[in-house]
Amino acid sequence: MFTVLKHHGGIAPESRKTRAGSLTMDEREEISRRLCAGESYRTIAGLLGRAVSTISREVNNNGGRDVYRAIAAQERALDRARRPKQCLLARRPSLRQTVVRLPEEEWSPEQIVGHLRRHHGDDPVMRISHETIYRSVYTTRWKAIPRELCKRLRTGRPIRKNKRHTVKGQWRSQITDARPIEEQPRAAEDRSESGHLEGDLVIGSNNSHSASWPGPGCG
């Protein structure tokens, strides 16, 4: 899981979208069913309200009548719709130079943004948010900032940590109605009642882990 998250710097990527007017998944499912039934492109186009050339191109771009599959065609369409562009720091060399230099002097992204606002407030080219700096540091595939700068940040984390991912936000362990330990009842704290369980997970070096489960009656 860490390997997957690390590719995106711990930041959830935006969902893929197709442009307006493109064939939808439902339409591709209909095309697939009609092809299996042996219907012509003209008939399918009439049912969907599309041009015959649109149906013909869609099928031919995805292997032809005999191998066309809606799911595979949808995935290819989403991949083709991607138009990756350089991140902000890659497009602005002067801004990138400042952002790379200051963390080496133990400046945090928030301090960098404040510095830029104070000394370059009138220059739109030198504007950036602290979140964009974090994203540029942690998203290694952008290659905008040297990966070593992660160690210069005060947290020292290898990936971005989302502050919303907490027990109170119902994210950790996906436990429904989870409650943080600070809200445990008094009966659990003084061990006057059995049934309150608490486990511990210790993560050590070399990817080693140790779990403990004290048993019932614990706070």
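For clarity, every value in this text was computed on a predicted model and none was experimentally measured.

**Section: the overall build of the chain**
In step 1: Helix and strand counts for the chain stand at ten helices and two strands.
In step 2: Reading the chain from its N terminus to its C terminus gives the helix and strand order α-α-α-α-α-α-α-α-α-α-β-β.
In step 3: Taking the contacts inside the chain whose residues are at least 6 apart along the sequence as the reference set, 48% of them involve residues at least 24 apart.
In step 4: Entry remark: accessible area of the chain is about 15,600 Å², with carbon and sulfur atoms responsible for 49%.

**Focus: helix α3 (residues 41-48)**
Because each turn of an α-helix spans 3.6 residues, side chains separated by three or four positions in sequence point in the same direction.
In step 1: Those residues of α3 lying buried are Tyr41, Ile44 and Ala45. One side of α3 carries all its buried residues, which in axial view fall inside an arc of 100°. α3 presents Arg42 and Gly46 as exposed residues on the side facing more than 90 degrees away from its buried surface.
In step 2: Of the surrounding secondary structure, the elements contacted by the buried residues of α3 are α2 (25-36) and α4 (52-60).
In step 3: One or two steps after α3, the chain reaches Gly49, where phi turns positive at roughly 70°.

**Thoughts on the confidence of the model for the chain**
Should the pLDDT be low somewhere, the predicted coordinates at that spot are not to be read in detail.
In step 1: The predicted model of the chain has a mean per-residue pLDDT of 77, with 69% of residues at 70 or higher.
In step 2: Below pLDDT 50 for its whole length, residues 169-173 participates in nine contacts with residues either more than four positions away or in separate chains.

**A closer look at the packing of α2 against α4**
In step 1: At a minimum axis distance of 12 Å, the contact between α2 and α4 shows a crossing angle of 80°. Here α2 is positioned roughly perpendicular relative to α4, judged by the angle of their axes. Where α2 approaches α4, its residues Arg28, Ile31 and Leu35 are matched on the opposing element by Ile55, Glu58 and Val59.
In step 2: Residue composition of the contact of α2 with α4, grouped by class: four nonpolar, no polar and two charged.

Thresholds, definitions, all that
Residues numbered from 1 in each chain as written. Predicted model: local features only at pLDDT ≥ 70, side-chain atom pairs only at ≥ 80, totals over all residues. Heavy atoms only, no water. Helix = DSSP H or I, 4+ residues; strand = E, 2+ residues; numbered from the N terminus. Contact = heavy atoms within 4.5 Å. Areas by Shrake-Rupley, 256 points an atom, 1.4 Å probe, with all protein chains shown as cover. Buried < 20%, exposed > 50% of the residue type's maximum accessible area, 1.4 Å probe, protein only. Arc of directions from axis to C-beta. pLDDT = per-residue confidence, 0-100. Axes fitted to C-alpha atoms, helices over the stretch in contact; angles between N-to-C directions. Parallel < 35°, antiparallel > 145°, perpendicular 65-115°, else oblique. Nonpolar A, V, L, I, M, F, W, Y, C, P; charged D, E, K, R; others polar.

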